[in-house]
Amino acid sequence: MSVNEENVWYGGPEPTNLTEGTGSLGALCLKRLKEQGDAIKLIDGLTSEEVSAKQLYERSVHLANCLTHFGIKSGNKVGMCSENRTEFAYVLFGTLCVGATFAPLNTTYGEREIHHALSLSKPKIVFASPTTIDKILRVTVKHSSVEVVVVFGEKNGINDTTVIDFKTFCNKANAARNFECQPEDVFENVSLILLSSGTTGQPKGVMITQYNIMIGLHQHYQQTRLLEDEQVSHHINMGVIPWFHAFGCHSLIGLMINKATYVFLPKFEEVSFLRCIETYKTNTIFMVPPLMVFLAKSPIVSEYDTSSIKVIWCGAAPLSKEVEDAVKCRIGVPIVRQGYGMTEGSLAFTGQTDLNHKSGSVGTLRTGVWGRVIDVDTGNNLKAFEKGELLFKGSCLMKGYIGDVEATKNTIDEDGWIHTGDIGYYDNDGELFVVDRLKELIKYNGFQVPPAEIEALLLQHPHVRDAGVIGILDDKVGELPFAFIVKQQPSDVTEKDIIKFVAERSSPAKRLHGGVKFVKEIPKNPSGKILRRELRNLYTNMTSKL
């Protein structure tokens, strides 16, 4: 970690041969899996099913052959809408093997959001779980790009001829033991399209290249390796973070490629979560702040043995010092580490290490990453301890937003720096502290919620004349969407009516969990932009009188 005379920080050079001579990410994945033999890689925390590296290799190869049989090749897109399950991993790695692009969907998306996501990625094939298949079929019928839908488990009376069950799909190709991954331009081939919300409009499709993932794998290995000698000899990881999320998807790939076991659950459920920690003696856990609050405060935690936990990695949203200290004190975990990043940066720009983990920091720059802090008004670089907007550059940056050149240019400038919209500073040791953000995104349970999207939906209500949405602080989930509404007159619409209207048309993260308040007008500047700071002040004044 170094800083030059222009106050540009650098995390150090990255390796020169991340492909290990394999020619593609898919080939690298197969090589690493083959090297691990019978080592257990995946454990389903609900069913106790175990998958070894050898089995994951064989099933990924078989999926690659099946995808090829259905005409999937480099450049094609493969969609997925499923909770965490072993088939998710098989399809993901099979897709990487053929050089195609894996495009997962948030399982909580409503039909409107799924339609938008499919319009971006245009997959030829979509995989769905039994819990998501109905809404997937109601949307895919509108998309000519989708040639086949594959449902995990049985069809259960589905008569649609474009739908086949997973077993039938797998039987369409011979169970070959090998698959020849073709060489790819790892800097250009897009491996993932992950959905990320901007400050306006609907989610954007973030294109993550093979090389983006490769540098992330190296960075992940570097950080976990530092913990092995003193605390962990073999990482038995536990996670409930959805694999369709950037944090979850990158973690899944990293843990399968590097030496580790991953105990997973399809969703967070208190008893199952704690039981898995106790049963499998998990020593490393991927967490988000709401789960940390659970560990710190829930009385049920004391009923289970959590002494095996040695390392907690926490991301997706800021973790307060108070919650971190409470977890350490309660369960005795010696190491809690945070990082900072975004989907557009292949997950993480910084991470805490054994040498750099001051309370409240998000660590130092990872290898291959440059960072600087600029004055919001002048654009000039700032010195240590001076607060400004955070900018980053490096090979971890996305290729761009799919189908949106303008949005890409607005995010990554002509010199290759990504503008995060977050406010922070570096200290003299190069540790980064994030203190605020310029962006208007609401952080709900690790998901980014754009207020403008909720506002646009609210304005579709016949009794809503105007609307302004902000996030209000919440200890458990970060922020809750809260709406100020100007009614059409006359109107007898109630706050409950508005909350129900949004809930019926949005995924859980975008619902008005914070509530609704009717007002006479929404404060705006002369150009018509909503003044959210004034809305926050209005909310503060309103609650202080209660």
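Scroll up to find the structure.
Since the model is a prediction, treat every value here as computed from it, not as a measurement.

A. A look at the overall build of the protein. Scanning the protein from N- to C-terminus turns up 15 helices and 28 strands. Oriented by its inertia axes, the alpha-carbon framework of the protein measures out at about 70 × 60 × 55 Å. Expressed as a percentage of its 546 residues, the buried residues of the protein come to 58%. In the protein, of all internal contacts separated by at least 6 residues, the share reaching a separation of at least 24 is 68%. Taking the 58 positively charged and 63 negatively charged side chains of the protein as two groups, their mean positions are separated by 4 Å.

B. Broad picture of the sheet that holds strand β18 (residues 364–365). Taken in spatial order, the 9 strands make up an open sheet running β4-β3-β13-β12-β14-β15-β16-β17-β18, and their pairing is mixed. What marks the edges here is a single partner per strand, and that holds for β4 (50–52) and β18. Its contacts with the sheet place helix α10 (residues 289–297) against β14 (284–287), β15 (311–314) and β16 (335–340), and it is angled at close to 140° to β15.

C. View of the nonpolar core. Counting residues in hydrophobic clusters, the biggest one holds 120 residues, and the most contacted among them are Phe127, Phe169, Phe273, Leu295, Ile312 and Phe392. Val469, Ile470, Phe484 and Phe501 belong to the second largest nonpolar core, which has 29 residues in total.

D. Local environment of empty space enclosed by the protein. Counted under the stated rule, the structure contains 1 cavity of 30 Å³ or more. In this model, the largest cavity occupies a volume close to 40 Å³. In this structure, the largest cavity is lined by Ala103, Pro104, Leu105, Ala117, Ser121, Ile193 and Leu195. Residue assignment for the lining of the largest cavity shows that the elements contributing at least two residues are β6 (101–104), α4 (111–121) and β10 (190–196). Classifying every residue of the lining of the largest cavity by side-chain character gives 6 nonpolar, 1 polar and no charged.

E. Geometry of the side chain of Ser272. Relative to the elements of secondary structure, Ser272 occurs in helix α9 (residues 270–280). In this structure, Ser272 is in contact with Leu46 and Leu265, ignoring residues within four places of it in sequence.

F. Here's a closer look at the pattern of salt bridges. Taken as a whole and judged by the stated rule, the model has 18 salt bridges. One salt bridge connects Asp305 with Lys281, and the closest N-O pair in it is separated by 3.7 Å. Of the two residues, Asp305 sits in the loop between α10 and β15 while Lys281 sits in the loop between α9 and β14, which places them 24 residues apart along the sequence. Judged by relative accessible area, which is 32%, Asp305 ranks as partly exposed. Under the relative-accessibility criterion, Lys281 is labelled partly exposed at 44%. Sharing partners across several salt bridges, the network here consists of Glu20, Lys31, Arg32 and Glu35.

Basis of the calculations
- Residues numbered from 1 in each chain as written.
- Predicted model: local features only at pLDDT ≥ 70, side-chain atom pairs only at ≥ 80, totals over all residues.
- Heavy atoms only, no water.
- Helix = DSSP H or I, 4+ residues; strand = E, 2+ residues; numbered from the N terminus.
- Buried < 20%, exposed > 50% of the residue type's maximum accessible area, 1.4 Å probe, protein only.
- Contact = heavy atoms within 4.5 Å.
- Lys, Arg positive; Asp, Glu negative; His and termini not counted.
- Charge placed at Lys NZ, Arg CZ, Asp CG, Glu CD.
- Pairing = 2+ DSSP bridges.
- Axes fitted to C-alpha atoms, helices over the stretch in contact; angles between N-to-C directions.
- Core = buried A, V, L, I, M, F, W, Y, C linked by side-chain atoms within 4.5 Å.
- 1 Å grid on protein atoms, 1.4 Å probe; cavity = no way out; pocket = protein on both sides within 12 Å on 5 of 7 lines; lining within 4 Å.
- Points joined across faces, edges and corners; volume = space filled by probe spheres on them.
- Nonpolar A, V, L, I, M, F, W, Y, C, P; charged D, E, K, R; others polar.
- Salt bridge = Lys/Arg side-chain N within 4 Å of Asp/Glu carboxyl O.

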